[in-house]
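Given next are the chains, with one letter for each unit.
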Amino acid sequence: MIDIKNELQKALAGRNLKKVLLIPPDATRTHSCAGEITRALFEILGNNCHIDVMPALGTHEPMSERECADFLGIPYSSVIHHDWRGDVVKLGEVPGEYVASVSEGLVTTPIDVEINKRLLDTSYDQIISIGQVVPHEVAGMANYSKNIFVGVGGSSMINSSHMLGAFYGIERTLGKTDTPVRKVFDYAEEHFISQIPLLYVLTVTDGGELEGLFIGRDREMFGRAAEMSRQKNITFVDAPLKKCVVYLNEQEFKSTWLGNKAIYRTRMAMADGGELIILAPGVKRFGEDSEVDALIRKYGYAGRERVLELVKNNEDLRRNLSAAAHLIHGSSDGRFSVTYAVDKLSRAKIEGVGFNYMPLSEALELYNPPPNDIYFIENPALGLWAIK
């Protein structure tokens with residue numbers, strides 16, 4: 001059993017902290033143990049320290065007061081909402097030559113380095129980034145500096161990094177530590193934010209249980225956390241899955257932007273011609289904001305080659321490359337079928353973005369509980385599934 005409070009006290013020993021910024025994940029990462037860590041930090045730092053909390057929203061919608069209370073258990077008055085489009089400053093660029101070298105020449109343009117302006121506020125004695133290391137479709141493994149450059153980053157950095165990951169290929173990326181996107185983050189960390197008093201608190205969980213706690217700043221620490229996550233969070237199946245049913249918790253997954261983890265995290269286990277059925281009682285929209293939602297409705301999950309063609313010919317997609325990358329990641333490229341079982345979106349809307357539709361009530365009758373011959377995943381956010 002890991003004593004979270006004791007480990008944090010040891011890491012902060014001797015520091016006279018008067019003002020601290022905490023950057024935990026948002027409510028889509030409820031299994032990260034970040035809520036317990038955030039509450040422990042409030043207890044440790046006490047009344048003599050001013051604490052601000054800025055959840056690493058990335059492109060997600062702001063957390064409600066209820067979500068902050070349920071997940072983080074902190075005063076809502078302490079919460080600052082990150083605005084990925086308007087609340088950031090540009091620190092510099094990752095050179096195009098470097099991007100080309102790490103992406104095998106697939107991307108050759110510079111990438112802006114943008115972060116929320118509050119990270120440059122010198123009145124903070126310490127900035128503490130909290131989050132879970134787990135397989136991720138864009139970076140390979142989530143967290144560490146991704147929590148900064150995407151979680152509280154700007155639209156240009158988010159768009160460019162997501163498209164870099166999509167160009168390189170999701171199945172070459174998932175579960176890997178040294179991906180092109182991660183190397184871009186490493187460059188930005190070294191060249192642009194090394195002077196910021198930043199401390200990373202990284203978790204590895206298994207089914208929501210804390211297995212590893214890593215506290216520090218160095219890249220080697222993240223590598224150790226990533227290796228543990230590969231051991232704990234990747235499930236290998238003996239044979240390709242011909243039929244897989246994935247459940248999306250109603251409180252956690254309210255959009256296909258989030259719900260498509262069911263596709264990302266299972267695609268390496270799915271059989272060609274297989275069937276993926278997603279039980280999605282909470283999904284009521286496509287994007288996390290209105291602009292991205294409109295783009296998903298307009299273009300749909302059309303497959304990699306088609307989306308790349310659409311990017312070339314449509315300015316609205318070129319301005320929102322993270323949305324374009326999401327459209328690529330959310331398509332099976334025709335390799336297996338994807339059926340969304342919902343009751344908050346119509347058949348026409350689901351089929352309009354390229355998925356098959358099933359009424360949720362019908363799906364629950366068939367698959368709750370799932371028959372023994374169907375592979376069932378209770379929460380796709382907890383890991384990655386792949387063929388042995």
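Residues numbered from 1 in each chain as written. Predicted model: local features only at pLDDT ≥ 70, side-chain atom pairs only at ≥ 80, totals over all residues. Heavy atoms only, no water.

Draft legend 1. Here's a closer look at unusual backbone geometry. The step from asparagine 368 to proline 369 runs through a cis peptide bond, and the omega angle for that step is 5 degrees. Looking at the secondary structure, you find proline 369 in the loop between α17 (360-367) and β15 (375-377). The phi torsion at glutamate 104 lies on the positive side, around 60 degrees, for a residue other than glycine. Mapping glutamate 104 onto the fold places it in the loop between α4 (96-102) and β4 (111-116). You can call glutamate 104 exposed: its relative accessible area is 55%. The phi torsion at aspartate 333 lies on the positive side, around 55 degrees, for a residue other than glycine. (Helix = DSSP H or I, 4+ residues; strand = E, 2+ residues; numbered from the N terminus. Buried < 20%, exposed > 50% of the residue type's maximum accessible area, 1.4 Å probe, protein only.)

Draft legend 2. Expanded view of the sheet that holds strand β1 (residues 19-23). Read across the sheet, five strands follow the order β2-β1-β5-β8-β9 without closing on themselves; strand pairing throughout is mixed. Each edge of the sheet is formed by a strand with only one pairing partner; in this case those strands are β2 (50-53) and β9 (209-216). Strand after strand, the sheet turns through a mean of 20 degrees between neighbouring axes, direction not considered. In this sheet, β9 lies alongside strand β8 (residues 198-206) in antiparallel orientation, the contact comprising seven bridges. By the bridge assignment for β9, valine 201 is matched with isoleucine 215. (Pairing = 2+ DSSP bridges. Axes fitted to C-alpha atoms, helices over the stretch in contact; angles between N-to-C directions.)

Draft legend 3. Focus on the environment of lysine 18. Tracing the sequence through the fold places lysine 18 in the loop between α1 (4-12) and β1. C-alpha of lysine 18 to C-alpha of glycine 96: the two residues are 78 residues apart in sequence and 40 Å apart in space. Lysine 18 has contacts with Asn48, Cys49, His50 and Asp125, leaving out every residue within four places of it along the chain. (Contact = heavy atoms within 4.5 Å.)

Draft legend 4. Highlighting α17. Within α17, the full set of buried residues consists of Leu360, Ala363 and Tyr367. All buried residues of α17 lie within an arc of 60 degrees about the axis, which places them on one face of the element. Set apart from the buried face of α17 by more than 90 degrees, the exposed residues are Ser361 and Glu365. Contacts from the buried residues of α17 go to β11 (241-247), β12 (270-279), β13 (337-342) and β14 (356-359). (Arc of directions from axis to C-beta.)

Draft legend 5. Fine view of the pattern of salt bridges. Evaluated as defined, the whole model comprises 34 salt bridges. A salt bridge links arginine 335 to aspartate 272, with the nearest nitrogen and oxygen atoms 3.0 Å apart. Residue arginine 335 is located in the loop between α15 (321-329) and β13, and its partner aspartate 272 is located in strand β12; the two are separated by 63 residues in the primary sequence. Here arginine 304 ties to glutamate 305 by a salt bridge, and the two come within 3.1 Å at their closest N and O atoms. Here the residues in one salt-bridge network are Glu171, Arg267, Asp272 and Arg335, joined through shared partners. (Salt bridge = Lys/Arg side-chain N within 4 Å of Asp/Glu carboxyl O.)

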